[in-house]
Amino acid sequence: MLIWLLAVILLASLAALGYRQGAIRVAMSFLGICLGVLLALPLAKPMTIPLKALGVTQPLVLWLLPPVLAFCLVSALFKGGAFFLHQKIEMYFKYKAGDLRLSLFERLNARLGLCLGLLNGTAYFCLISLVIYLLGYWTVQMDTGAGNPWTLRLLNRAAVDLNQTGFSVTARALERMPASYFEAADVAGVLYRNTLLEARLARYPAFLLLGERPEFRALANDATFTDLRVRQASLAELLRCGPVQTIVQSPDMLRHIWGLVQPNLKDLRAFLETGVSEKYADQPILGRWTFSPRGTLAAIRRNQPNISSTQMARLRQIAVAPYTRAHLVIGLEGQDGRLVVKDIPRPSTTPGAPLEFQTTQGTWEGIGERYTLKFALGESEITALGVIEGERLTLTLAGQPIVFEREH
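First, a word on what this report is: a plain description of the structure on this page.

Cut-offs applied
- Residues numbered from 1 in each chain as written.
- Predicted model: local features only at pLDDT ≥ 70, side-chain atom pairs only at ≥ 80, totals over all residues.
- Heavy atoms only, no water.
- Axes fitted to C-alpha atoms, helices over the stretch in contact; angles between N-to-C directions.
- Helix = DSSP H or I, 4+ residues; strand = E, 2+ residues; numbered from the N terminus.
- Parallel < 35°, antiparallel > 145°, perpendicular 65-115°, else oblique.
- Left-handed = near helix turned anticlockwise from the far one by under 90°.
- Contact = heavy atoms within 4.5 Å.
- Nonpolar A, V, L, I, M, F, W, Y, C, P; charged D, E, K, R; others polar.
- Buried < 20%, exposed > 50% of the residue type's maximum accessible area, 1.4 Å probe, protein only.
- Pairing = 2+ DSSP bridges.

## Notes on the packing of helix H2 (residues 23-40) against helix H4 (residues 59-95)
- Across the interface, H2 lies against H4 with an axial gap of 8 Å and an inter-helix angle of 155°. Taken as axis vectors, H2 and H4 run roughly antiparallel relative to one another. Note that H2 runs across H4; the crossing there is right-handed. Across the interface between the two elements, Ile24, Arg25, Met28, Ser29, Leu31, Gly32, Ile33, Leu35, Gly36, Val37, Leu39 and Ala40 from H2 touch Pro67, Ala70, Phe71, Val74, Ser75, Phe78, Lys79, Ala82, Phe83, Leu85, His86 and Ile89 from H4.
- Looking at the contact of H2 with H4 residue by residue, the class counts come to 17 nonpolar, five polar and two charged.

See below:
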């Protein structure tokens, strides 16, 4: 197995190196490993400064690379110090202690170095197992077995072997990652394996406005990406897709997405499984709403029971027909209510002029069943009162009801 092969190679090579270098240098190297592990995270933030100065902007790289560089830096300092310490002690025994003591020192130094080399090999094996476990937790869940580069296939094979051999228990004992790291991997794996859940993901309350951004609209309308998802293409193929590249190469976008995902991971997982969000249950207005001509006409008739058929036909023509394309996207931006009104007719002062449609943004506030929505319409600022009844949202504009139905 790959993990056993890695263990044998590490232990054998570092034991041989320890025998050659001696106990002093190997012991200092072991101290450097231990201290490097302890200081890797505290020193990670300062290590991002030179990386940013070199032009590195990818959040994933700035998250993964600094701890590794911090560990290597601390370990290198100890190895450098060990070289000079070993040289001084060796010079003492070589020129001042006599041949017998020199011979005893060299034998003890080499044999003890071999034993400490095994300790170093064990430490490196545990660290490498930890890295394999943390990265493999993500990549194994999104492995299709084809189309991935050899490096990713090797990582996945090592992660599977790590679990089968039981060494994953050691990795789990060493890892100190937040729970959100593993929860996010589980959600990503569920979405990757179940392409039909993407439609449900787009309806999650926290992501409603994210889906209206140009980058995600382009992704949703990209035929190549859709084809890749239908045939469950490899992660490498998906990342090469143009709209995905646009998102991945934008550090601000990635930070924004993670800011939405991280606080909602548990609720998001439950939503993907059940279609119900307990976290946002007290705000039923969150969602996508499409204009309902039939519901609007029924609401008008309820408000005006004595309306004549002629008046009803006129209202259908001037107050209902223009709104057939209208729909709302009502979501949250942080803690603030935001909405997007799409394809709503622009007010016109010219009789008989063709309809012009606009998309505008606004805000909302309220809780439960009653809300106040504000948005710009033409040159005017519109305030509408909204009431939710089951799967219907009724807005009252200038005394006129307009009914929307929730998209599913």
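## Thoughts on the packing of helix H3 (residues 44-53) against H4
- Packing of H3 against H4 brings their axes to within 8 Å, and their N-to-C directions diverge by 110°. Between H3 and H4, the angle falls in the class roughly perpendicular. Counting all contacts with H3, which are made through Ala44, Met47, Thr48, Leu51 and Lys52, the residues of H4 involved are Leu62, Leu65, Pro66, Pro67, Leu69, Ala70 and Leu73.
- For the contact of H3 with H4, the per-class residue count stands at ten nonpolar, one polar and one charged.

## A word on the side chain of Ser292
- Mapped onto the elements of the fold, Ser292 is located in the loop between strand E1 (287-291) and helix H16 (293-303).
- What Ser292 contacts, discounting residues up to four positions off in sequence, is Val403, Phe404 and Glu405.

## Structural notes on the pairing of strand E8 (residues 400-406)
- Buried residues dominate E8, accounting for five of its seven residues.
- In this structure, E1 lies alongside E8, joined through three bridges in antiparallel fashion. Residue pairing for E8: Trp289 is matched across the bridge by Arg406.
- Here strand E7 (residues 392-397) runs beside E8; their pairing, made up of six bridges, is antiparallel. Note on E8: the bridge partner recorded for Leu395 is Ile402.

## A short note on the environment of Lys342
- Here Lys342 lies in strand E3 (residues 336-345).
- Sequence separation between Lys342 and Thr290 is 52 residues, and the spatial gap between their C-alpha atoms is 9.7 Å.

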